[in-house]
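Structure assessment
This is what each chain is made of:
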Amino acid sequence: MGPLAANEIISQDTNLIFAFLIGIGFGFVLEGAGFSSSRKLAGVFYGYDTVVLKVFFTAGITAMIGLLFFSLFGWIDLSLIYINPTFLYSAIAGGVIMGAGFILGGFCPGTSFCAASIGKIDALVFIGGLLIGILIFGEGYALWEGFYNAKFLGIPKISESLGLKDGLMALIIVLVAFAMFWVGEWAEKKFPREEY
Amino acid sequence: MTTTKLKSKTYMNPYLAGVLLGLVLLTANFISGRGLGASGAVKSVIVTAVDAVAPGHAENAPFYVEYLEAHPKPMKSWLVFEMLGVLVGGFLSGALAGRLKFKVEHSPKITSRRRLIFALAGGILFGFGSQLGRGCTSGSALSGMAVLSLGGIITMAAIFGTGYALAYFVRKNWI
């Protein structure tokens, strides 16, 4: 049955309508959780507000478990789901540069659009930065093309890399997430900050 | 601040929000066979703009050539429609909660100007990094985690690890 688009149960144009609706859900939940505030987002790096950690990992494990059960019930063909390829060097370096951008700018791309939608001017400026950063990457592509494509590891799942079954891997990730929720709750008590 | 005012600004319980976001992500996978994303839509805008302003350049530079070959109409892409939805959804939530307001949010210890300079610098780095890392927090880290992608989980660790490593140096901006 699923994914509906790949199995041609819905047309490509209908798929774009669903993209818009899914985006509405995405934006609504992000804003409702407080991801439209850079100071709330940055809180995860100082412990005073760990909403990022809680929402991010709850969402990740919910979707992960959902996909595994959908697959078990025969509702979705996981082989048709897009999994991002792994280029080891650029995955690490890209993440490091994004981490620096996160702590300086206080947003990631999705949250900056969410914040801009309710009038945050700092988010609009961040989006301006995103445009410039992507343009720089495109214009200088020849300089880092080799690095970008280096150390291609295929499209591995972490479970395959560790030689574990998907279900066991998922259980481990759920336990890790629970441990992090505990740390998050502890940190918010340990590093309180006045509300603003 | 009065009680009513506080109440109107209350955010959703983070675990409830996480479950809802997870269901949105699950829906995206079930319907469209892909996860959520954000930076890809900005890339579509850049490629379209470069192709419009300097078509000769876009036809010669490999970054644009590769993208235009895979996406002949960059603005008619899943991520562009999804991000338009994010703007609508964010606005609706903000409107319902009474949070619509033009402002520069920053720590009382810094000026608006400083906040905006850091926002711009952060945006530039995040934009560049999202291209190098083949996706941002949404597309690579969150969606990657849901499908157990090794690359997504590595990128996620690198994003948060670097954030923690640098947090001390810019603490004045946030605390």
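Structure shown above.
So, here's what we can say about the structure. (Residues numbered from 1 in each chain as written. Chains lettered and ligands numbered in written order. Predicted model: local features only at pLDDT ≥ 70, side-chain atom pairs only at ≥ 80, totals over all residues. Heavy atoms only, no water.)

Turning next to the overall build of chain A. For chain A, the helix and strand inventory stands at nine helices and zero strands. Helices (α) and strands (β) of chain A occur, in sequence order from the N terminus, as α-α-α-α-α-α-α-α-α. Looking at chain A as a whole, 58% of its 196 residues are labelled buried. Partitioning the intrachain contacts of chain A with sequence separation of at least 6 by distance along the chain shows that 62% fall at a separation of at least 24. For chain A, the accessible area works out to roughly 8200 Å², and carbon and sulfur atoms hold 71% of it. Here chain A contributes 10 positive and 14 negative side-chain charges, whose respective centroids are spaced 12 Å apart. (Helix = DSSP H or I, 4+ residues; strand = E, 2+ residues; numbered from the N terminus. Buried < 20%, exposed > 50% of the residue type's maximum accessible area, 1.4 Å probe, protein only. Contact = heavy atoms within 4.5 Å. Areas by Shrake-Rupley, 256 points an atom, 1.4 Å probe, with all protein chains shown as cover. Lys, Arg positive; Asp, Glu negative; His and termini not counted. Charge placed at Lys NZ, Arg CZ, Asp CG, Glu CD.)

Attention now goes to the pattern of salt bridges. All names here are of chain A. Per the counting criterion, the structure on display carries eight salt bridges over all chains. Residue K54 pairs with E185 through a salt bridge whose shortest N-O separation is 3.4 Å. Of the two residues, K54 sits in helix α3 (residues 51–72) while E185 sits in helix α9 (residues 166–190), which places them 131 residues apart along the sequence. Accessibility expressed as a relative area gives 5% for K54, which makes it buried. A relative accessible area of 29% means that E185 is categorised as partly exposed. A salt bridge links K54 to E188, with the shortest nitrogen-to-oxygen separation between them at 3.1 Å. Of the two residues, K54 sits in helix α3 while E188 sits in helix α9, which places them 134 residues apart along the sequence. Residues participating in the shared-partner salt-bridge network are K54, E185 and E188. (Salt bridge = Lys/Arg side-chain N within 4 Å of Asp/Glu carboxyl O.)

Bringing the interface of chain B and chain A into the picture now. With 115 residues of chain B in contact, the opposing surface of chain A contributes 124 residues. Put simply, chain B and chain A have four salt bridges between them. With a shortest N-O distance of 3.1 Å, B:E105 and A:K120 are connected by a salt bridge. Counting the contacts that link chain B with chain A gives 43 residue pairs in polar contact (both at pLDDT 80 or more). Among the elements of the structure, α2 (14–32), α3 (39–53), α5 (62–70), α6 (78–96), α7 (112–132), α8 (137–146), α9 (150–167) and α10 (171–174) of chain B are those that each provide at least two residues to the side of chain B that touches chain A. Here the element with the most residues in the side of chain B that touches chain A is α2(B); it accounts for 18 residues. Within the side of chain B that touches chain A, the residues separate by chemical class into 67 nonpolar, 36 polar and 12 charged. (Polar contact = N/O pair within 3.5 Å; in protein donor to acceptor, adjacent residues only side chain to side chain. Nonpolar A, V, L, I, M, F, W, Y, C, P; charged D, E, K, R; others polar.)

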